[in-house]
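Topology and contacts: notes
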Amino acid sequence: MKRITSYLLSLASYLLLLTSCGAEQQYSSWSCRFIFNNGTYLDQTIGAAINPTVTGIFCKITDESRGGTRYLIFENNQGVSSQHQMMAEELRQNLRIGQNGGIIVGVQSLGDYSFAAYDLQCPNCARRENNIVTPYYPVDFDKKGSGTVTCTVCGDQYDLNNGGLLIKGKEGDKGLERYRNARTEGPTGRVVVLSN
């Protein structure tokens, strides 16, 4: 009975996604090349988000340089954060971490329960402002630990658990852009996000 109820809820969520405004999936065309081996770092912040058996935990991944050294910064929607100095493996790969220097990864708790990677950029602000060269319209996690992110500029809200679906925005706005090529080997394996 529990299994049937879960199936019916998933089916209802999927149908809702198909019938809602902006339901077609928006795939990101921004350049992204992120290959990270968590078997080397055993980082729990990203490990929880890339575990295919755990849904609803999402991790924002950014990078920054300090004193000539590059760091990967991980922050999840549960309020946990960590950082690691990039090792030679990451430096050799010439990482490009989405627009605004960031992506969000995790396993969706609705629909097909698949691993997903989203751009950190609000696509609606970039489109409205017609600024595709140097846009800076980041989305950020809500403070309640849900799978919702909000644009820090326009206030549009997106549901990461449901394909990046737009849940609050202006008429004609679309959902958060997702990277077509994203996969994970689990919490102590590799996570790969590529734009193509």
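Residues numbered from 1 in each chain as written. Predicted model: local features only at pLDDT ≥ 70, side-chain atom pairs only at ≥ 80, totals over all residues. Heavy atoms only, no water.

1. Observations concerning the sheet that holds strand β12 (residues 190-194)
An order of β1-β12-β11 is seen for the three strands of this open sheet, with the pairing classed as antiparallel. Looking along the sheet, the strands with just one partner apiece sit at the ends: β1 (33-37) and β11 (181-184). Each strand of the sheet is rotated relative to its neighbour by a mean of 5°, with strand direction disregarded. Pairing of β11 with β12 involves four bridges; the strand directions are antiparallel. (Pairing = 2+ DSSP bridges. Helix = DSSP H or I, 4+ residues; strand = E, 2+ residues; numbered from the N terminus. Axes fitted to C-alpha atoms, helices over the stretch in contact; angles between N-to-C directions.)

2. Digging into the pairing of strand β6 (residues 115-119)
The buried fraction of β6 amounts to five of the five residues, a majority that puts the element mostly inside the structure. Here β6 shows no split at all, with Phe 115, Ala 117 and Asp 119 on one side and Ala 116 and Tyr 118 on the other all buried. Summarising the sheet, strand β5 (residues 102-107) and β6 pair through five bridges and their orientation is antiparallel. Looking at β6, one finds that Val 105 is bridged to Ala 117. (Buried < 20%, exposed > 50% of the residue type's maximum accessible area, 1.4 Å probe, protein only.)

3. Details of the environment of Lys 168
Examined against the element boundaries, Lys 168 turns out to sit in strand β10 (residues 165-168). In sequence terms Lys 168 and Gly 155 are 13 residues apart; their C-alpha atoms lie 8.0 Å from each other. Setting aside anything within four residues of it in sequence, one finds Lys 168 in contact with Gly 155, Asp 156 and Gln 157. (Contact = heavy atoms within 4.5 Å.)

4. Some points on the pattern of salt bridges
Side chains carrying opposite charge are able to pair once their charged atoms draw close together. Going through the model one piece at a time under the given rule, you end up with seven salt bridges. Note that Asp 63 and Arg 70 form a salt bridge whose closest N and O atoms lie 2.5 Å from each other. Here Arg 128 ties to Asp 173 by a salt bridge, and the two come within 2.7 Å at their closest N and O atoms. In this pair, Arg 128 is assigned in helix α5 (residues 123-129) and Asp 173 in the loop between β10 and β11, connecting sequence segments 45 residues apart. For Arg 128, a relative accessible area of 33% gives the class partly exposed. (Salt bridge = Lys/Arg side-chain N within 4 Å of Asp/Glu carboxyl O.)

5. Digging into the sheet that holds β6
The strand order across the open sheet built from five strands is β4-β3-β2-β5-β6, with neighbouring strands paired in antiparallel fashion. The sheet terminates laterally at β4 (81-85) and β6, the two strands that pair on one side only. When strand polarity is set aside, the average angle formed by the axes of neighbouring strands in this sheet is 25°. Bridge count between strand β2 (residues 58-66) and strand β3 (residues 69-76): eight bridges; the pairing is antiparallel. The residue of β3 that forms the bridge with Glu 64 is Tyr 71.

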